[in-house]
Amino acid sequence: MSKRQVMTRNHSLFERFAAPSAKPGCGVTSVAAHLGKMLSIRAGSVQTLPDYGLPDFNEMNQSLHESLSQSRLLIERFIRAYEPRLSNVRVRVLPRDHDPLCLAFAIDATLRIDGVVQPVVFTAHLRDAGRIEVLPDVL
């Protein structure tokens, strides 16, 4: 057993939360997970926050170009409103070269955690049943 495993095993859950992480990408991973959960919630499903969530992209009744443009703007506004660790958020539609039915976006932003500011890029892919998977890209 490694020294880290022994140290982790001997601390309570709250002590482990309070300890600084040894993983530099931990904050980026946390934001990616939160974005994935956020972007997978449908508009109107949170009663206390009527503007929380996104419409079902599969049910947009517009041209492809209009749907992609509107989806990009909606995602950008939603992230700006509900993910305070990110600023300067820009969302781009990614090319659909390999699968014309696949919808994917790049999310460029500035991440601010504990006074540390860094540029980040995430890739968001529309998966089955309207779930959106968000993964951090390495800069």
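Computed from a predicted structure; not experimentally measured. (Residues numbered from 1 in each chain as written. Predicted model: local features only at pLDDT ≥ 70, side-chain atom pairs only at ≥ 80, totals over all residues. Heavy atoms only, no water.)

A. Structural view of the overall build of the protein chain. Within the protein chain, the regular secondary structure consists of 4 helices and 4 strands. Put simply, the protein chain runs from its N terminus to its C terminus through helices and strands in the order α-α-α-α-β-β-β-β. Every one of the 139 residues in the protein chain was classed for burial, and the buried ones make up 31%. Sequence-distant contacts in the protein chain: of pairs separated by 6 or more residues, those separated by 24 or more amount to 38%. For the protein chain, the accessible surface area stands at approximately 9,300 Å², while carbon and sulfur atoms represent 56% of it. (Helix = DSSP H or I, 4+ residues; strand = E, 2+ residues; numbered from the N terminus. Buried < 20%, exposed > 50% of the residue type's maximum accessible area, 1.4 Å probe, protein only. Contact = heavy atoms within 4.5 Å. Areas by Shrake-Rupley, 256 points an atom, 1.4 Å probe, with all protein chains shown as cover.)

B. Broad picture of the pattern of salt bridges. Overall, the coordinates contain 6 salt bridges when judged by the stated rule. Among the salt bridges present, the one from R85 reaches E83, with a minimum N-O distance of 2.9 Å. Of the residues examined, E83 reaches a relative accessible area of 2% and is grouped as buried. (Salt bridge = Lys/Arg side-chain N within 4 Å of Asp/Glu carboxyl O.)

C. Region of the structure containing the sheet that holds strand β3 (residues 116-126). If you walk across this open sheet you meet the 4 strands as β1-β2-β3-β4, and the pairing is antiparallel. If you trace the sheet from one side to the other, it starts and ends with β1 (86-93) and β4 (132-137), each paired once. The mean angle between the axes of side-by-side strands here comes to 25°, regardless of whether they run parallel or antiparallel. Across 6 bridges, the pairing between β3 and β4 is antiparallel. Across the sheet, V121 pairs through a bridge with D137, a residue of β4. Those strands touched by helix α3 (residues 26-39) are β1, β2 (104-113), β3 and β4, and its axis lies near 160° from that of β4. (Pairing = 2+ DSSP bridges. Axes fitted to C-alpha atoms, helices over the stretch in contact; angles between N-to-C directions.)

D. Expanded view of the side chain of E83. Tracing the backbone shows E83 in the loop between α4 (64-82) and β1. Here the side chain of E83 touches H34 through a polar contact of 2.6 Å, side chain to side chain. With near-sequence residues (within four places) excluded, E83 lies in contact with V31, H34, L35 and M38. (Polar contact = N/O pair within 3.5 Å; in protein donor to acceptor, adjacent residues only side chain to side chain.)

E. Structural detail: the packing of aromatic side chains. One pass over the full model with this rule turns up 3 aromatic pairs. Both rings, one in Y52 and one in Y82, keep their centres 4.7 Å apart while their planes meet at 75°; by these two values the pair is edge-to-face. Taken together, the positions of Y52 in the loop between α3 and α4 and Y82 in helix α4 put the pair 30 residues apart, joining distant regions of the chain. Ring-pair connections join several aromatic residues into one group, and the members of that group are Y52, F78 and Y82. (Phe/Tyr/Trp six-rings, centres within 6.5 Å; stacked < 30°, edge-to-face > 60°.)

F. Looking closely at the confidence of the model for the protein chain. Model confidence for the protein chain is summarised by a mean pLDDT of 80, while 73% of its residues fall at 70 or above. Looking across the protein chain, the model is least confident in helix α1 (residues 3-9), with a mean pLDDT of 43, and most confident in β1, with 96. The low-confidence segment residues 1-9 (pLDDT under 50) makes 4 contacts with residues lying over four places distant or belonging to another chain. (pLDDT = per-residue confidence, 0-100.)

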